[in-house]
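Analysis of the macromolecular model
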Amino acid sequence: MSGAAPSPAAFPTALTELTGVRYPIVQTGMGWVAGPRLVSASANAGALGILASATMTVEQLRAAVREVKSRTDAPFGVNLRADAGDAADRVRIIVEEGVRVASFALAPSKDLIARLKDAGVVVIPSIGARRHAEKVAAWGADAVMVQGGEGGGHTGEVATTVLLPQVVDAVDIPVIAAGGFHDGRGLLAALAFGAAGVGMGTRFLLTSDSTVPDAVKAKYLAATVKDVTVTTQVDGLPHRMLRTAMVDSLERSGRVTSLLRAVRHASAFRKETGASWPRLVRDGLAMKHGKELSWSQVLLAANTPMLLKASLVEGRTDIGVMASGQVAGLIEDLPSCSELVERVIGEARAALKTLPGAS
């Protein structure tokens, strides 16, 4: 294997103790972005790399997990949709392959949490509200990642600085802060709020280890804070991304045009992931129940993965979208994951020394 396993607790928190990583930093599971190369680079840097599996077939997931294992001895995780029709198959791979962490974009069921914990897997759901954190904590989740409205992709309205302390006060398990983090000052602030670490998506997307095309990375680097917007026109839910001509076009689209586009994307996504139409319908039913969506919103959900793939994999920003946190407007370079993690930890230690009363 390439890359020696980092010794844990170089910057100890409840997160490093729970997962065995060296630093309290999580590279989040971004679809089409968090593949084996980025995840293994993050893990070798001492962070917790999370492999995004929702855009993979079951067979591709197992191959990706094994590729990460061939590149690093360090702990890493896999992100999956708890409401997917093949979630049980994906959980089986996580268990069989000895993956350290399972993370979820939607709250997993009590039974699913128990199954993973019985196998020794650390369970970390992502949540966007205090009540969701309380629910999964009661069901046995080992930690939660809480994303404030600054975060990229699907997001809420409450800022991290308001949501984070709410969740920290509500649960007795480690809380990972996400949404608006990109440097050591942010890490230190999150720890001061009571978090056990931070999750970063956009910042890891903008590294030299990320497989996102260079021309697309250049568009992120050129963006200002005001160039990052929230739209509901991709899939009917609030989605934070860079404002582009494509986003403007989506927002001008009528209902019929939007639904026809969604049908095309649903068909393309079915072929991409190997999902059958019955499974897509079952997943749609699960999504509809979990989020109280209309049927048109369920159909529009097919837009998200294919529009993201167009930009983040194929480099076609003219026909795709670019999910982004607001921090894109503050990021100016493309370090390696190793350089990024060392920089963040160095900045946090330096900032700590400047606080009143610090020794």
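Residues numbered from 1 in each chain as written. Predicted model: local features only at pLDDT ≥ 70, side-chain atom pairs only at ≥ 80, totals over all residues. Heavy atoms only, no water.

Further remarks concern the overall build of the protein. Counting its secondary structure elements, the protein contains 16 helices and 11 strands. Put simply, 62% of the contacts in the protein that link residues at least 6 apart link residues at least 24 apart. Surface summary for the protein: the accessible area is close to 15000 Å², and the carbon and sulfur share equals 53%. (Helix = DSSP H or I, 4+ residues; strand = E, 2+ residues; numbered from the N terminus. Contact = heavy atoms within 4.5 Å. Areas by Shrake-Rupley, 256 points an atom, 1.4 Å probe, with all protein chains shown as cover.)

Moving on, we come to unusual backbone geometry. With a phi close to 70°, Trp 32 is a non-glycine residue in the positive phi region. Position of Trp 32 relative to the elements: it lies in the loop between β1 (25-27) and α2 (36-44). Of the residues examined, Trp 32 reaches a relative accessible area of 15% and is grouped as buried. (Buried < 20%, exposed > 50% of the residue type's maximum accessible area, 1.4 Å probe, protein only.)

When two helices pack together, their arrangement is given by the angle between the helix axes and by the axis-to-axis distance. The geometry of helix α3 (residues 58-71) relative to helix α4 (residues 87-96) is characterised by a closest axis approach of 10 Å and an angle of 20° between their N-to-C directions. Classed by the angle they form, the pair α3 and α4 counts as roughly parallel. Along this stretch, α3 crosses α4, giving a crossing that reads as right-handed. Packed against α3, whose contacting residues are Val 58, Leu 61 and Arg 62, the element α4 presents Asp 89, Arg 90, Ile 93 and Glu 96 at the interface. In the contact of α3 with α4, the residues fall into 3 nonpolar, no polar and 4 charged. (Axes fitted to C-alpha atoms, helices over the stretch in contact; angles between N-to-C directions. Parallel < 35°, antiparallel > 145°, perpendicular 65-115°, else oblique. Left-handed = near helix turned anticlockwise from the far one by under 90°. Nonpolar A, V, L, I, M, F, W, Y, C, P; charged D, E, K, R; others polar.)

Attention shifts here to the environment of Val 158. Here Val 158 shows up in the loop between β7 (153-154) and α7 (160-170). Overall, the relative accessible area of 36% leaves Val 158 in the partly exposed class. C-alpha of Val 158 to C-alpha of Ala 129: the two residues are 29 residues apart in sequence and 8.6 Å apart in space.

Our focus in this paragraph is the sheet that holds strand β2 (residues 48-52). Taken in spatial order, the 8 strands line up as β1-β2-β3-β4-β5-β6-β8-β9 and close into a barrel, and their pairing is parallel. Recorded for the sheet is a direction-independent mean angle of 25° between the axes of neighbouring strands. Where β1 lies against β2, 2 bridges are found, and the strand directions are parallel. Directly across from Gln 27, in β2, lies its bridge partner Gly 49. Where α2 meets the sheet, its contacts fall on β1, β2 and β3 (76-80), and the angle it forms with β2 comes to roughly 165°. (Pairing = 2+ DSSP bridges.)

The next point concerns the pairing of strand β8 (residues 175-178). Because side chains alternate across β8, one face comprises the buried residues Val 175 and Ala 177, and the other comprises Ile 176 and Ala 178, equally buried. Note that strand β6 (residues 144-147) and β8 share 4 bridges and pair parallel. Looking at β8, one finds that Val 144 is bridged to Val 175. By the bridge criterion, 3 bridges tie β8 to strand β9 (residues 197-200) in an arrangement that is parallel.

What follows deals with the sheet that holds strand β11 (residues 239-242). What the 3 strands build is an open sheet, ordered β7-β11-β10; its pairing is antiparallel. Of all strands in the sheet, those bounded by a partner on one side alone are β7 and β10 (228-231).

Those residues of α7 not exposed but buried are Thr 160, Leu 163, Leu 164, Val 167 and Val 168. End-on view of α7: buried residues confined to an arc of 130°, all on one side of the axis. If you follow the buried residues of α7, they end up packed against β5 (122-127), α6 (130-138), β6, β8 and α8 (184-193). (Arc of directions from axis to C-beta.)

In this fold, Phe 76 is placed in strand β3. In sequence terms Phe 76 and Ala 102 are 26 residues apart; their C-alpha atoms lie 9.0 Å from each other. In contact with Phe 76, not counting residues within four places along its chain, are Val 39, Leu 48, Gly 49, Val 65, Val 68, Lys 69, Val 99, Arg 100 and Val 101.

Let us now look at the pattern of salt bridges. Tallying each qualifying case throughout the model produces 18 salt bridges. In this structure, the salt-bridge partner of Arg 66 is Glu 97, at a minimum N-O distance of 2.9 Å. Remark: Glu 97 occurs in the loop between α4 and β4 (101-104) and Arg 66 occurs in helix α3; sequence separation between them is 31 residues. One salt bridge connects Arg 130 with Glu 134, and the closest N-O pair in it is separated by 3.1 Å. Highlighted residues: Arg 130 and Glu 134, both in helix α6, separated by 4 residues, approximately one helical turn. Judged by relative accessible area, Arg 130 falls into the partly exposed class, the value being 38%. What makes Glu 134 partly exposed here is its relative accessible area of 33%. Overlapping salt bridges bring together Arg 62, Arg 66, Lys 69, Asp 89, Arg 92, Glu 96 and Glu 97 as one network. (Salt bridge = Lys/Arg side-chain N within 4 Å of Asp/Glu carboxyl O.)

Time to look at the pairing of β6. The pairing of β5 with β6 spans 2 bridges and is parallel. By the bridge assignment, Ser 126 is partnered in β6 with Met 145. Since β5 and β6 lie parallel, the crossover through α6 that links them has a hand, and here it is right-handed. (Right-handed = clockwise from strand over helix to strand, strands pointing away.)

Now for the nonpolar core. The nonpolar side chains of soluble globular proteins are, as a tendency, buried together. Judged by nonpolar contacts, the single largest core of 84 residues is most densely connected at Ile 25, Leu 51, Val 167, Phe 204, Tyr 220 and Val 321. Here the element with the most residues in this core is helix α16 (residues 337-354); it accounts for 6 residues. If near-sequence neighbours (up to four positions away) are discounted, Val 321 is found in contact with Val 234, Met 241, Met 246, Val 247, Leu 250, Leu 307, Leu 308 and Ser 311. Core analysis: the next-biggest nonpolar cluster, separate from the first, contains 14 residues, Ile 50, Val 101, Ile 124 and Ile 176 among them. (Core = buried A, V, L, I, M, F, W, Y, C linked by side-chain atoms within 4.5 Å.)

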